[in-house]
Amino acid sequence: MARFEGIDFYDLDSLFTEEERMIRDTVRAFVEDRVMPIIGEAYIERKFPKQLIPELGELGVYGANLPEKYGCAGLNNVSYGLIMQELERGDSGIRSFVSVQGALVMYPIFAFGSEEHRTEWLPKLATGEAIGCFGLTEPDYGSDPGGMITTAKQTSDGWLLNGGKMWITNGSMADVAIIWAQTRELGDVKGIRGFVVPTNTPGFSSRDQKGKLSLLASDTSEIVLQDVELPESAVMPESTGGLKHPLMCLTQARYGISWGAVGAAMACFHEALSYSKERLMFGAPIGGKQIQQVRLADMLTSITTGQLLTYRLGRMKDEGTMTPQQVSLAKRANADMATNVAREARRLLGANGILVEYNSMRHMANLESVYTYEGTHDIHSLILGQKLTGLSAF
Ligand code: TGC
Ligand code: FAD
């Protein structure tokens, strides 16, 4: 298969700045040279390729839209989105690792943490010297995190955390966890606060989620919090907005996912298009058959629509006008779009499409997680329904 050169049917390149294109091309080359050769094996071995962690740090992708003052790249949100797109062209697990680190760990520390939290953690997280995870979901509170039962109680000299979190990306690799816990008993009206928890704190433990059939090259873990004693300084002082503050983190991550899903779809289309030109059946390339041309035309249309969505969303985020509901629309549409494109690409590849030597089925399986996490497709439908009608159907 030819080296990936991008899919750009509507000449979006002419709308990106030179710097944005340069950042995208750098990450694109990194994925081609460093991720593609190893990702199939990592997937089969069910291991996150840890050797990439410092290299991604050198590339400056962790928290890339956060300020240089804390060791981050200080890029705009379109550049950040393009980074997510290119990383997920490699694998959703690589994008997940980077987006959890940046949007769900570095962002809350930056937005709600103390200056000590920022200076202690952000530079290390930016290089990949430290790894972070984000614990919101619980076994019985997935789509409805507001019901969480993990509690934080105030003690004479700090906090005591008890409970558990489920489905936590990077959970077993992390040095630091952002844990959201209930504080209603303290008379805290909003009732949920965020804690910066070093994972070597006694009482903190994690275990790998076994039996996954999706996102295999990613660490997904359960976290147990049993009498975890923390100093007073562990609470993020600005995390006083209740559920609103973890949801603000989700908006950052969903934004990145909407770009990432386009990358996964582009990878599948690229593979399907080249295969269609090379695979001969009935004495001719299958790409010359009308059915496969319809399939390819549908894929290209979906990808182009997804690209236009993220481009506009990114510009609105940079202008400061983007709303969480606009992010919901893009996450919902693009995760769905990519899931469908990956499935069609896999089908075009015939039997070869189920092999790990090809990429489409790996993306197809991964995208089922992308469709589910950060708010399922259904939850984003209800968010949009609420925005349209003013009526909550949750
Ligand atoms: P609700 O009453 O609607 O909202 C509470 C407060 O939050 C505000 N708000 C938001 N603010 C910023 N961004 C958003 N996206 C927001 N959504 C809501 C809202 O205005 C309100 O503010 P205020 O001032 O009135 O307090 O809350 P609710 O309990 O009814 O829940 C709403 C719902 C269902 C939409 C929310 O719970 C939800 O989004 N559920 C889905 C859960 C989810 O997405 N979990 C993701 C976990 S992390 C993850 O999956 C990581 S995977 C990452 C990877 O590997 O890439
Ligand atoms: P449920 O909420 O039980 O939903 C089950 C079904 O019911 C879904 O189809 C859903 O759409 C539907 N449903 C739910 N509510 C309604 C309703 N009101 N009306 C109609 N239908 C409804 N979480 C973290 O905190 N941190 C992480 O790092 C993280 N990483 C993840 C990584 C992976 C690979 C996966 C798969 C998940 C991860 N999650 C993480 C959790 C993820 O956010 C949740 O799985 C997701 O929010 C859905 O919750 P649930 O799985 O409990 O499904």
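Structure: above.
Here we summarise the structure given alongside this text. Every chain is numbered independently, its residues counted from 1 as its sequence is written. Here the convention is simple: chains get letters from A, ligands get numbers from 1, in the order in which they are written. Restriction of local features to residues with pLDDT of at least 70 applies here, the model being predicted, together with a cutoff of 80 or more for giving and counting side-chain atom pairs; totals for whole chains, interfaces and linings are based on all residues. Hydrogens are left out, water is left out, and the side-chain values use all remaining heavy atoms of the structure.

The next point concerns the site of ligand 2. Residues in contact with ligand 2 amount to 18 residues; listed here are only the nearest, T137, S143, W167, T376 and D378. N or O atoms within 3.5 Å of each other form a polar contact, as long as, within protein, one can give a hydrogen and the other can take it, and as long as residues adjacent in sequence are counted only when both atoms are side-chain atoms. The contact in question runs from a nitrogen atom of ligand 2 to an N or O atom on the side chain of T169, over 2.9 Å. Mapped onto the shell around ligand 2, the elements with two or more residues apiece are β3 (158–169), α9 (360–372) and α10 (377–389). Grouping the constituent residues of the shell around ligand 2 by class yields nine nonpolar, seven polar and two charged. Note: domain ranges come from an automatic or database domain assignment. Taken domain by domain, the shell around ligand 2 gets at least three of its residues from each of domain 2 (133–234) and domain 3 (244–389). Proximity is defined per residue: if any heavy atom of the residue lies within 4 Å of a molecule or strand, that residue is considered near it. Each helix is a run of DSSP H or I of at least 4 residues and each strand a run of E of at least 2, with the numbering of both proceeding from the N terminus. Amino acids outside the nonpolar list (Ala, Val, Leu, Ile, Met, Phe, Trp, Tyr, Cys, Pro) and the charged list (Asp, Glu, Lys, Arg) are all regarded as polar, and Gly is one of them.

Below, the discussion takes up the pattern of salt bridges. Any carboxyl oxygen of Asp or Glu that lies within 4 Å of a side-chain nitrogen of Lys or Arg is treated as forming a salt bridge with it. Summed over all chains, the structure comprises 17 salt bridges. Two residues, D33 and R3, come together in a salt bridge whose shortest N-O distance is 3.1 Å. Pair noted here: D33 is in helix α1 (residues 18–44) and R3 is in the segment before α1, with a separation of 30 residues, a long-range link. Note on exposure labels: buried denotes an accessible area under 20% of the residue type's maximum, exposed denotes more than 50%, and partly exposed covers the range between, all computed with a 1.4 Å probe on protein chains only. With a relative accessible area of 42%, D33 lands in the partly exposed category. Assessed through its relative accessible area of 42%, R3 is described here as partly exposed. Between R24 and D13 there is a salt bridge, with the nearest N and O atoms lying 2.6 Å from each other.

Next up on the list: the site of ligand 1. Within the structure, ligand 1 sits among 25 residues, and S96, S143, T251, R254 and G375 are positioned closest to it. The contact in question runs from an oxygen atom of ligand 1 to an N or O atom on the side chain of S96, over 2.8 Å. Between ligand 1 and T251, the relevant distance is 2.9 Å, taken from a nitrogen atom to a side-chain nitrogen or oxygen of the residue. Accessibility throughout is a Shrake-Rupley quantity obtained with a 1.4 Å probe, and a residue counts as covered only by protein chains that appear here. The protein chains hide 73% of the 1,100 Å² of surface that ligand 1 would expose on its own. Looking at the shell around ligand 1, the elements that each hand over two or more residues are α4 (92–112) and α6 (244–278). When residues in the shell around ligand 1 are grouped by element, the largest group, six residues, is from α6. Broken down by class, the residue content of the shell around ligand 1 amounts to 12 nonpolar, eight polar and five charged.

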